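# Observations on the three-dimensional arrangement
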Amino acid sequence: MKDTLKDLTTLFDEAKLRSEFDFVLTLINYRCMGTHKLTSNLYEWFDAIEFYKELFNSHLGKEKTRIGALLYSTFFENSDFYNIIGSLCRVKTGYKGSSYLFWKTRKYERLLGIGEKQDYLLELLYDADKQKIIKFFKDNHFKEIRNTFFHSAYALSDEEYILHDSELIYILGEGQSSFNIQEFFYPKVEKTIAFFDTFKQLYLTSFANYTQDKIVIGLFPNPCEITILGSAVGLKGFKIKNAVQFYGQWHDSGIWYDEQYDMYAGHNIRMNSANIENIEINDQIKRYEDKSDIHQSDVEFHNLVDKIMDRKREDEIARVTMLLLKFGNLRHQKMLKEDNPFKRKSYPKFILPLYRRALEIGSTLFDTAEIKKAIDELEKE
């Protein structure tokens, strides 16, 4: 666990070093006017888990198990937690963070489910070279625990947590309908608490460290000189001096805390969803164009394809079609080189969705004969 927490600490450090302005934007996580403690779900999450920790450490037996399950399940549900981690990964690797990383569609009508968020996040963590954090999520998060607890689909003995109306939970490759509380579950809760404590400390300390103004160079969206606003109680936002002109007079732009109304507010900036989306979609496409392959999960990539299909912009469709072919061809080449017949048979289920989607959205952009032939052959494998 020590190495995992070191990975988390260095992620904050490396993102700040790569682009301090984007690091600050990630901390603020601005979506709308309001106090940051109410426009984000992080602060209630911080307070709630601290409360659950006290109960977990002060109870025994089934009471301890119930509180442990509440703490564990609450930890893995928080959307802004994933948003901050994912944005820091993007900043570290040279891209922009986002307050809308995990929305399912461009209409922002639905968040991705918790499993989709984690799969999405794993690829970002891989790109940021945070293998220990990836291992933390894979070793400690079991959706079957969270789902059965929140749906009251479990029973407890003194030693076992029994799942009802649930898929089996796989532990060391073996499917089970129950697990030992002391040997399996409590260690997971303790590791979850350790990760939570470190994340909370890093996030709040990052805010508190800005005790005075600091000038940096950042993209908003063009390169400019930006003043990060500090105070005795920490970060207060950022300001770009004389950024816009109205009726012959220059005015500052930015997002900063308004003491009178106790809220963060954007000043003299245009932040409509269409412009934000254009920047974020282009950033995501470029990131995949620069990637050698998809290594952990393709959830984020297919979510990007869904958004591009919805937007119907020809330039984006052309770029993502080439990406579908790129990643499909990489897997196809690996399959053709595979000597193990059992492994070879596993490849088509990963290749076919990529080729079929390329045909679906970009068939006018390339000669489809070769891909159609490949699809026919893969369907016979």
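Please refer to the structure higher up on the page.
Residues numbered from 1 in each chain as written. Predicted model: local features only at pLDDT ≥ 70, side-chain atom pairs only at ≥ 80, totals over all residues. Heavy atoms only, no water.

What follows concerns the overall build of the chain. Secondary structure summary: the chain contains 16 helices and 10 strands in total. Here the C-alpha atoms of the chain give a radius of gyration of 23 Å, agreeing with the 21 Å that 2.2 N^0.38 yields for 381 residues. When the backbone C-alpha atoms are referred to their principal axes, the chain occupies close to 70 × 65 × 35 Å. The proportion of buried residues among the 381 residues of the chain is 49%. Considering only intrachain contacts with a sequence separation of at least 6, the fraction spanning at least 24 residues in the chain is 60%. Here the chain has roughly 19,400 Å² of accessible surface; of this, 51% comes from carbon and sulfur atoms. Looking at the chain, you have 53 positive and 58 negative side-chain charges, and the mean spots of the two groups are 3 Å apart. (Helix = DSSP H or I, 4+ residues; strand = E, 2+ residues; numbered from the N terminus. Rg over C-alpha atoms; globule rule 2.2 N^0.38 Å. Buried < 20%, exposed > 50% of the residue type's maximum accessible area, 1.4 Å probe, protein only. Contact = heavy atoms within 4.5 Å. Areas by Shrake-Rupley, 256 points an atom, 1.4 Å probe, with all protein chains shown as cover. Lys, Arg positive; Asp, Glu negative; His and termini not counted. Charge placed at Lys NZ, Arg CZ, Asp CG, Glu CD.)

All right, on to the packing of aromatic side chains then. Aromatic ring pairs: the centre-centre distance and the angle between the two ring planes describe each pair. Under the counting rule described, the total for this entry stands at 47 aromatic pairs. Across the ring face of F56, the terminal group of K64 is positioned such that the distance to the ring centre comes to 3.9 Å. (Phe/Tyr/Trp six-rings, centres within 6.5 Å; stacked < 30°, edge-to-face > 60°. Lys NZ or Arg CZ within 6 Å of the ring centre and 35° of its normal.)

This brings us to the sheet that holds strand β1 (residues 154–156). What the 3 strands build is an open sheet, ordered β1-β2-β5; its pairing is antiparallel. Two strands lie at the open edges of the sheet, namely β1 and β5 (178–180), each paired on one side alone. Put simply, the sheet's adjacent strands are angled 20 degrees from each other on average, direction ignored. Pairing analysis gives 3 bridges linking β1 to strand β2 (residues 160–163), with the strands arranged antiparallel. Its bridge partner lying in β2, L156 is registered against Y161. Across the sheet, helix α9 (residues 143–150) is in contact with β1, β2 and β5; its angle to β2 comes to roughly 80 degrees. Seen against the sheet, helix α10 (residues 181–208) touches β1, β2 and β5 and runs at an angle of roughly 85 degrees to β5. (Pairing = 2+ DSSP bridges. Axes fitted to C-alpha atoms, helices over the stretch in contact; angles between N-to-C directions.)

Let's shift gears to the environment of S99. Structurally, the position occupied by S99 is in the loop between α6 (79–92) and α7 (114–127). Accessibility expressed as a relative area gives 12% for S99, which makes it buried. The spatial distance from the C-alpha of S99 to the C-alpha of L25 is 9.0 Å, given a sequence separation of 74 residues.

Our focus in this paragraph is the pairing of strand β7 (residues 223–229). Counting buried residues along β7, 5 of its 7 residues qualify, which places the element largely inside the surrounding structure. As judged from the 6 bridges shared by strand β6 (residues 214–219) and β7, these two strands associate in the antiparallel manner. From the neighbouring strand, K214 faces β7, where its bridge partner is I228. Hairpin connection of β6 to β7: 3 residues between the antiparallel strands.

Turning next to the pairing of strand β9 (residues 249–258). On a regular strand, one side chain projects to one face of the sheet and the next to the other, so that they alternate. Pairing between β9 and strand β10 (residues 263–267): 5 bridges, direction antiparallel. Within β10, the residue paired with Y257 across the bridge is Y264. The antiparallel hairpin formed by β9 and β10 contains 4 residues in its connecting segment, where D262 sits at a positive phi of about 55 degrees.

So, about unusual backbone geometry. Among all residues except glycine, the phi angle is most often negative; among peptide bonds, the trans geometry is most common. In this structure, D129 is a non-glycine residue whose phi angle is positive, near 60 degrees. For D129, a relative accessible area of 52% translates into the label exposed. In the Ramachandran plot, S152 falls in the positive-phi region, its phi being about 55 degrees despite a non-glycine side chain. With respect to the secondary-structure elements, S152 resides in the loop between α9 and β1.

Right, let's get into the pattern of salt bridges. Applying the stated criterion across every chain yields a total of 26 salt bridges. Here K53 and E50 are joined by a salt bridge, their closest N and O atoms 3.2 Å apart. Residue K53 and its partner E50 are located together in helix α4 (residues 42–58), separated by 3 residues, close to a single helical turn. Accessibility expressed as a relative area gives 14% for K53, which makes it buried. Classification of E50 by relative accessible area gives partly exposed; the value is 24%. In this structure, the salt-bridge partner of D293 is R331, at a minimum N-O distance of 2.8 Å. (Salt bridge = Lys/Arg side-chain N within 4 Å of Asp/Glu carboxyl O.)

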